[in-house]
2 protein chains.
Amino acid sequence: MTPRDSANTEAVHRLAAADPVLVDVLPLSEAVPDFDPRTVLASGASLRWEGYVGGQRNGILGGAVHEGLAENMADAADKVASGQIQVRPCGDYRCVGSLAGIYTASMPVLVVENRAGSNRAFCNLFEGVSRHRLNYGVYNSDVERNLCSLRDVIGPTIGEAVRAAGGVPLLPIMKRALHMGDELHSRNTAATLLFTRELFEPLMQLQQRMPEPVKQTMDYLRSSDYFFLRLSMASSRAAADAAHGITGSSVVTGMVFNCREFAIRVSGLGNDWFRGPLPRMAGARLFDGFTESDIEFMGGESTFNETAGLGGFAQAAAFPLQEYQGGSAQRMVEANLAMYEITLGEHPELRIPYLGFRGVPIGIDIRLVVEKGITPVLDIGVAGKDGGQIGAGSFTASIECFELAATAYAELTDR
Amino acid sequence: MTPRDSANTEAVHRLAAADPVLVDVLPLSEAVPDFDPRTVLASGASLRWEGYVGGQRNGILGGAVHEGLAENMADAADKVASGQIQVRPCGDYRCVGSLAGIYTASMPVLVVENRAGSNRAFCNLFEGVSRHRLNYGVYNSDVERNLCSLRDVIGPTIGEAVRAAGGVPLLPIMKRALHMGDELHSRNTAATLLFTRELFEPLMQLQQRMPEPVKQTMDYLRSSDYFFLRLSMASSRAAADAAHGITGSSVVTGMVFNCREFAIRVSGLGNDWFRGPLPRMAGARLFDGFTESDIEFMGGESTFNETAGLGGFAQAAAFPLQEYQGGSAQRMVEANLAMYEITLGEHPELRIPYLGFRGVPIGIDIRLVVEKGITPVLDIGVAGKDGGQIGAGSFTASIECFELAATAYAELTDR
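Everything numeric here is computed off the predicted structure, so don't read it as measured data. (Residues numbered from 1 in each chain as written. Chains lettered and ligands numbered in written order. Predicted model: local features only at pLDDT ≥ 70, side-chain atom pairs only at ≥ 80, totals over all residues. Heavy atoms only, no water.)

## Overview of the overall build of chain A
A tally of regular secondary structure across chain A gives 14 helices and 15 strands. Expected size for 415 residues packed as a compact globule is a radius of gyration near 22 Å; at 20 Å, chain A falls within 12% of this value. C-alpha extents for chain A along the principal axes are approximately 60 × 50 × 45 Å. The burial tally for chain A puts 64% of its 415 residues in the buried class. Summarising the internal contacts of chain A: among those between residues at least 6 apart in sequence, 71% fall at separations of at least 24. Within the structure as shown, chain A displays about 14,200 Å² of accessible surface, and the carbon and sulfur contribution to it stands at 48%. Each charge class in chain A was averaged separately, 36 positive and 48 negative side chains, and the resulting centres sit 2 Å apart. (Helix = DSSP H or I, 4+ residues; strand = E, 2+ residues; numbered from the N terminus. Rg over C-alpha atoms; globule rule 2.2 N^0.38 Å. Buried < 20%, exposed > 50% of the residue type's maximum accessible area, 1.4 Å probe, protein only. Contact = heavy atoms within 4.5 Å. Areas by Shrake-Rupley, 256 points an atom, 1.4 Å probe, with all protein chains shown as cover. Lys, Arg positive; Asp, Glu negative; His and termini not counted. Charge placed at Lys NZ, Arg CZ, Asp CG, Glu CD.)

Okay, structure coming up:
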């Protein structure tokens, strides 16, 4: 076995062995004690402030206002420009951003611990079914009211329930959900239900002490099928972080984008992000009245899920997504099978029934991507130019960042 | 359009239009006021007492003892033989039997109303995950204790919750479950979860008044993935009953078996059951230590589900069943597609994602079965010779009863 092979074997092993458990829900500032409260986090590799545009810029400013760091959007823009408010990538604090990926100090985050690697990752809460959400680049009084409810009611109540339950192991839920039509990125219907069932008893116990928060929390959990996405994202980030930093490994340990660029990091290549153009649409279904020209990228780190074998890497588990993001069952199977071409392993627990219970493909090898010219398939939500969600779809990553990383890898190992 | 065509169109329409709603859980004697309490119901077309053997005979006797109609099994056998206790088919009271299909007066039944046809059907409660259950031909002190808990705690508590909820519409649950890996016969995992979620709030409300029954009921609902089977069975029976009795229709409106025979009824052929040999095993997975020679048929009317387009008619919605009943995804797709060959319609709401959201095949036409030599595929639980469940599998109906029915149909329409 070459040093590269053994390094990659270790990376795949760590991805496969991750054992994510939701242990708490806490304000970000408590989950990450060294978090500077005058900070707003955003998805993707770091950009200078001038680089942020459109919805992602809007989201950052809205987050600053929500947190009380600025009076209004204009004031926030001034303070960011002058450095009184800093903008940092989510990953600096082991957070994983959804779309714009806005985090501020008081926002509640799901605390997911990887019990195999003893590392933690964090994700904030799904904002609900409104098309207008902070993470889709919108900030207004409805969005603010909703963020307050998440901070003051939903987050603390779920936190109490999770602590009362002694934590909620997520791998068993993810495993079952893949047998129930979820690929755990664009579809989290079964996982959300399974997770909700785990909370039912602790919530019932809490009911006598705090009936109204429990009612609101139940309504929130019932109102959509997406709650679990934030848990699959934190789980995937925790698994990818555990697999990161192995000398000699050419395995991808992160895929993210900001409003301008897609970027990847590689286990054996330190903390550099290799940047390239944004992903291209492979098949998407936009809500009525929208066309491809309405699409705006405003960031997103939910593609950590693909890094860990979910989403586009598990499409053959989720045929109902044809309806949501276009395409056919056959095309989904083909796209899924192609991902085995660029990965080094298969997950021992997370399996796809249609493929004879084959494990999801894990351990994307930058060399295989470049050699075969096949790039990761990404199942992502689609934002519109005026903010808000306008659809969802299947995208393919651009190859440039993999080429850059492969070059860096070759230089490093040639030395 | 020939008279037969229009009669069949009406039958298919009634199967498609059925709108099943769980409206209550009641003791059988309250759900069916004319039920004679000295009666035990059993699955399948009627048999003389001497005809009942093995597990089904055992179940009947156990039911009589449970109901207090006899001191013990021997006493029960004497009283049945002398006519003091009567044995009747479940269908005489619009009940639908699981395996042995034992019903007695005090047993709680799910009351399912077809709001399109204004007819009702009843099914008793899943006995839980023990391999030893009355409906698998076993009666002992554990089984008795469990039946008492269903009668005294679980049934009444679910009944209260269902009434508080104003009834639970089942079609939306069934529709979603087909997108979540269920075919609603051998797999009811998603439907059970979705149904449980509907009861969360009413159970939470009941908790203060009756904490212990609510806790036991939650434990019961959480303990398995099969609760919903009884609801899909009652829904299917209600739909099939609505489609029954249309003059000139050659559509199958019931498939059942007792311990000796498979039998079908046909919409336009009155209340006769056309009998033939038991189904043949197509692919089954038996629990460790059991072989095909251990299989014993002890009845079953869950094949009403196939009559209504579920189970074997929706296998391509439930690839995880490969694990449970053997086979491959490809074979499941082929088996499912074959069912379109012998049916006259497709359900407008109940759809299969893998088949491009094609509606499940409904309206089995006896003439097509005989003409093409393709018989219904049935996903059923498998009982063992000593009682108890020993596996599950996919079976194919024997053709003889369809031939008998086709002959009767020809005679009737030639007259």
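## Examining the packing of helix H3 (residues 54–66) of chain B against helix H4 (residues 73–81) of chain B
Residue and element names in this part refer to chain B. At a minimum axis separation of 9 Å, H3 and H4 run at an interaxial angle of 100°. Here H3 is positioned roughly perpendicular relative to H4, judged by the angle of their axes. Every residue of H4 that contacts H3 at Arg57, Asn58, Leu61, Gly62, Ala64 and Val65 is listed here: Met73, Ala76, Ala77 and Val80. Of the residues in the contact of H3 with H4, the class split is seven nonpolar, two polar and one charged. (Axes fitted to C-alpha atoms, helices over the stretch in contact; angles between N-to-C directions. Parallel < 35°, antiparallel > 145°, perpendicular 65-115°, else oblique. Nonpolar A, V, L, I, M, F, W, Y, C, P; charged D, E, K, R; others polar.)

## Considerations on the sheet that holds strand S15 (residues 389–396) of chain B
Residue and element names in this part refer to chain B. Taken together, four strands build an open sheet; the order of strands is S10-S15-S14-S11 and the sheet is antiparallel. Two strands lie at the open edges of the sheet, namely strand S10 (280–286) and strand S11 (295–296), each paired on one side alone. As paired elements, S10 and S15 share six bridges and run antiparallel to each other. In the sheet register, Gly283 faces S15, and the bridge partner there is Ser394. (Pairing = 2+ DSSP bridges.)

## A few points about the domain arrangement of chain A
All names here are of chain A. In terms of domain boundaries, chain A breaks down into domain 1 (9–231) and domain 2 (245–414). Summarising the inter-unit geometry, the C-alpha centres of domain 1 and domain 2 are found 21 Å apart. At the interface, 46 residues of domain 1 touch 56 residues of domain 2. Both sides together, the interface formed by domain 1 and domain 2 hides about 3,800 Å², and carbon and sulfur atoms give 63% of it. Inspection of the domain 1/domain 2 interface yields one salt bridge. Notably, a salt bridge pairs Glu349 with Lys175, separated by 3.1 Å at the nearest N-O pair. Inspection of the domain 1/domain 2 interface yields 18 residue pairs in polar contact (both at pLDDT 80 or more). (Domains from an automatic or database assignment. Buried area = accessible area lost by both parts, 1.4 Å probe. Salt bridge = Lys/Arg side-chain N within 4 Å of Asp/Glu carboxyl O. Polar contact = N/O pair within 3.5 Å; in protein donor to acceptor, adjacent residues only side chain to side chain.)

## Brief notes about the relation of the copies chain A and chain B
When chain A is fitted onto chain B, the two copies agree to an RMSD of 0.0 Å after a turn of 180° and an axial shift of 0.0 Å. In short, the pair behaves as if placed about a two-fold rotation axis. Closest to the rotation axis within chain A is the C-alpha of Met180 of chain A, separated from it by 2.1 Å. Most of the interface of chain A is mirrored in chain B, where 97% of its interface residues are also at the interface. (Least-squares fit on C-alpha atoms with pLDDT ≥ 70 in both.)

## Re empty space enclosed by the protein
Applying the stated rule across the entire model yields seven cavities of 30 Å³ or more. By volume, the largest cavity is sized at about 170 Å³. Taken together, 20 residues make up the lining of the largest cavity; nearest its centre are Ala317 and Phe319 of chain A together with Gly181, Ala317 and Phe319 of chain B. Among the residues making up the lining of the largest cavity, the classes are represented as 16 nonpolar, four polar and no charged. (1 Å grid on protein atoms, 1.4 Å probe; cavity = no way out; pocket = protein on both sides within 12 Å on 5 of 7 lines; lining within 4 Å. Points joined across faces, edges and corners; volume = space filled by probe spheres on them.)

## What to know about the confidence of the model for chain A
Confidence along chain A averages 95 in pLDDT terms, with 99% of residues attaining 70 or more. Here the prediction assigns the complex a pTM of 0.95, and the interface score ipTM is 0.92. (pLDDT = per-residue confidence, 0-100.)

## Thoughts on the packing of aromatic side chains
Within the structure shown, the criterion is met by 25 aromatic pairs over all chains. Aromatic side chains Phe297 of chain B and Phe395 of chain B sit 5.8 Å apart centroid to centroid with 85° between the ring planes, which places their arrangement in the edge-to-face category. Here Phe395 of chain B lies in strand S15 and Phe297 of chain B lies in the loop between S11 and helix H10 (304–307), a separation of 98 residues in the sequence. The exposure class assigned to Phe297 of chain B is buried, which follows from its relative accessible area of 18%. For Phe395 of chain B, a relative accessible area of 2% translates into the label buried. Through pairs of rings, three or more aromatic residues link up here, namely Phe195, Tyr220, Phe227 and Phe228 of chain A. In this arrangement the basic side chain of Arg358 of chain A is found over the ring face of Tyr340 of chain A, its NZ or CZ atom lying 3.5 Å from the centre. (Phe/Tyr/Trp six-rings, centres within 6.5 Å; stacked < 30°, edge-to-face > 60°. Lys NZ or Arg CZ within 6 Å of the ring centre and 35° of its normal.)

## Some thoughts on the sheet that holds strand S15 (residues 389–396) of chain A
Strand pairing in a sheet takes place through backbone hydrogen bonds and is either antiparallel or parallel in direction. Residues and elements named next belong to chain A. Spatially, four strands are ordered S10-S15-S14-S11 in an open sheet, and the strand pairing comes out antiparallel. Among the strands making up the open sheet, the edge pair consists of strand S10 (280–286) and strand S11 (295–296). Note that strand S14 (residues 377–384) and S15 share seven bridges and pair antiparallel. Counterpart to Val382 in the pairing with S15 is Gly391.

## Points about the side chain of Asn135 of chain A
Residue and element names in this part refer to chain A. Position of Asn135 relative to the elements: it lies in the loop between strand S5 (119–124) and helix H5 (141–164). Take Asn135: its relative accessible area is 5%, and that puts it in the buried class. Setting aside residues up to four positions removed in sequence, Asn135 forms contacts with Ser98, Leu99, Ala100, Gly101, Glu127, Arg230 and Met298.

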